[in-house]
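Coordinates in review
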Amino acid sequence: MTTENMSLICDKFRVEYHISVGAVFIRTTFSRWLIYIRDDKVVKLHHENYKARKNNALKVHTKCMEGYHKQKLPSTNFYDVVCYIKNHDMGMLKRLDEKSRVEKLLEMLGE
């Protein structure tokens, strides 16, 4: 896979990226990912460690600890992996938003 093709795929899914030798660093609105590539195939996928928690001042999703954990590889195809990343993070954002609504309702009931 060429650098140009990887760039086109990342642009299609609207993710920030940096292509390096043997790896692609991806950043979504939710988190960061590392895709390891060898012989035009994805061989490993790592996801940055995060923990959802309420920040009193900002009430945002904040980083828990440094580093990455190994993520189950959905495919060896770069396009499929970037699609998986985009869907994974969109799902996480949706679940966080749903939690926020439930928390607001519980707060209203507690008043």
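Analysis parameters
Residues numbered from 1 in each chain as written. Predicted model: local features only at pLDDT ≥ 70, side-chain atom pairs only at ≥ 80, totals over all residues. Heavy atoms only, no water. Phe/Tyr/Trp six-rings, centres within 6.5 Å; stacked < 30°, edge-to-face > 60°. Helix = DSSP H or I, 4+ residues; strand = E, 2+ residues; numbered from the N terminus. Buried < 20%, exposed > 50% of the residue type's maximum accessible area, 1.4 Å probe, protein only. Lys NZ or Arg CZ within 6 Å of the ring centre and 35° of its normal. Core = buried A, V, L, I, M, F, W, Y, C linked by side-chain atoms within 4.5 Å. Contact = heavy atoms within 4.5 Å. Pairing = 2+ DSSP bridges. Axes fitted to C-alpha atoms, helices over the stretch in contact; angles between N-to-C directions. Arc of directions from axis to C-beta.

1. Thoughts on the packing of aromatic side chains
Think of a pair of aromatic rings as described by two things: how far the centres are apart, and how the planes are tilted against each other in angle. This model, assessed by the stated rule, comprises 2 aromatic pairs. Residues W33 and Y84 carry aromatic rings whose centres are separated by 6.2 Å and whose planes lie at 80 degrees to one another, so their mutual orientation is edge-to-face. Taken as a pair, W33 in strand β3 (residues 32-38) and Y84 in helix α2 (residues 78-110) lie far apart in primary sequence, 51 residues in all. On the accessibility criterion, W33 (1% relative accessible area) is buried. One residue, K44, lies across the ring of Y36, its end atom 4.9 Å from the ring centre.

2. Focus: the nonpolar core
Counting 15 residues, the largest nonpolar core has I26, I35, F78, V82 and I85 as the members making the most contacts within it. Sorting the residues of this core by element identifies α1 (3-12), β2 (23-27), β3, β4 (41-48) and α2 as the ones contributing at least two each. The dominant element in this core, judged by the number of residues it contributes, is α2, at 4 residues. Once you skip the residues sitting within four places of it in the chain, I26 turns out to touch C10, V15, E16, Y17, S31, R32, W33, I35, V82 and I85.

3. Details of the sheet that holds strand β1 (residues 16-20)
The 5 strands lie next to each other as β1-β2-β3-β4-β5, forming an open sheet whose pairing is antiparallel. In this open sheet, the two edge strands, each paired with only one partner strand, are β1 and β5 (68-70). Sheet twist, expressed as the mean angle between neighbouring strand axes with direction ignored, is 25 degrees. By the bridge criterion, 6 bridges tie β3 to β4 in an arrangement that is antiparallel.

4. Some words on α1
Among all positions in α1, only M6, S7, I9 and C10 are buried. Burial along α1 is one-sided: seen end-on, the buried residues are contained in an arc of 165 degrees. Exposed residues pointing more than 90 degrees away from the buried face of α1 are listed as E4, L8 and K12.

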